[in-house]
Amino acid sequence: MKNAVKELLSTALYILVVLGVTYLVITFVGQRTQVSGSSMEPTLCDNDNLIVDKISYRFREPERFDIIVFPFRYEEKTYYIKRIIGMPGETVYIDDAGNIYIDGKVLQENYGREVMLSPGRAGETVSLAEDEYFVLGDNRNNSSDSRDPSVGNIHRSEIIGKAWVRIWPLSQFGLLRHQ
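Below: a short report on this structure.

Thresholds, definitions, all that
- Residues numbered from 1 in each chain as written.
- Predicted model: local features only at pLDDT ≥ 70, side-chain atom pairs only at ≥ 80, totals over all residues.
- Heavy atoms only, no water.
- Helix = DSSP H or I, 4+ residues; strand = E, 2+ residues; numbered from the N terminus.
- Buried < 20%, exposed > 50% of the residue type's maximum accessible area, 1.4 Å probe, protein only.
- Areas by Shrake-Rupley, 256 points an atom, 1.4 Å probe, with all protein chains shown as cover.
- Pairing = 2+ DSSP bridges.

### Re the overall build of the chain
So, step 1. Helix and strand counts for the chain stand at one helix and 12 strands.
So, step 2. Starting at the N terminus and walking to the C terminus, you meet the elements of the chain as α-β-β-β-β-β-β-β-β-β-β-β-β.
So, step 3. Looking at the chain as a whole, 41% of its 179 residues qualify as buried.
So, step 4. Looking at the chain as shown, the accessible area adds up to about 10,500 Å², and 57% of this sits on carbon and sulfur atoms.

### Observations regarding the pairing of strand S4 (residues 79-86)
So, step 1. The buried count for S4 comes to seven of eight residues, which makes it a mostly enclosed element.
So, step 2. Across five bridges, strand S3 (residues 67-71) lies against S4 in antiparallel orientation. Opposite valine 69, over in S4, you have isoleucine 81 as the bridge partner.

### Examining the sheet that holds strand S6 (residues 100-102)
So, step 1. Spatially, the four strands line up as an open sheet ordered S7-S6-S5-S8, and their pairing is antiparallel. Edge positions in the open sheet fall to strand S7 (105-106) and strand S8 (126-127), since each of these has one partner strand only.
So, step 2. In the sheet, strand S5 (residues 91-94) pairs with S6 via three bridges, with the strands oriented antiparallel. Bridged to tyrosine 93 within S6 is tyrosine 101.

### What to know about the pairing of strand S9 (residues 132-136)
So, step 1. Among the five residues of S9, five are classified as buried, and the element is accordingly described as predominantly covered.
So, step 2. Burial along S9 is two-sided: Glu132, Phe134 and Leu136 and Tyr133 and Val135, pointing in opposite directions, are all buried.
So, step 3. The sheet contact formed by S4 and S9 spans three bridges and is antiparallel. The residue bridging glycine 86 from the neighbouring strand is phenylalanine 134, located in S9.
So, step 4. The pairing of S9 with strand S10 (residues 154-155) spans two bridges and is classified as antiparallel. What sits directly across from glutamate 132, in S10, is histidine 155.

Below, the structure is given as C-alpha cells:
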C-alpha cells in the first residue's frame, strides 16, 4: 500500500513538472500557430503550421523583412502573420505602380508576389512612430495589412514573436527564410 501511494505521488509530481515546463515554454519561448488564408503566399500557405519564436525579441529588436505574428485588434484569438517592411521612425509611401518607398528611397525586395494594385493608406506618406512597424503580406493583392486602416501600424508591444519553423506539412518542414 505504501509503495502504491509513493508511486502515485511520484507520477503526479512528474505530470505537474511536465505541465509546468510546457506552460513556461508556451508562454515565454514559443507557440504553435496555423496560417489561415493566402496573404503570405508563396512563403507561407493556408494551413501551414508554424512555431513562433517568442524569446528572440526580448533580446533584440525586430528587423526589416522579419515575418512576425501579432493579434488582430478587433477580433479575439485572431492573429496575423505579416512581413515587416517599415521600421520605427521611417516614412512609408507606395506609388500607383506598386513601388514601396522608405524615407523616399525605393525598397529593394522580392517578397511581393505581384505588383500591388492598391497602396491603401500608404498612397499618402505614412510616418511611423518610434515604436511602430509597417507590415505587408507577401501576396500583396490578397492581404489585409498595414495599408488597411483596420490593421494600421503595428506597435512593438503588439508583436508576439517571429515565425521561426514550419512544422506542417512535413514536406515543407524547416526554418523560415526572412531575409
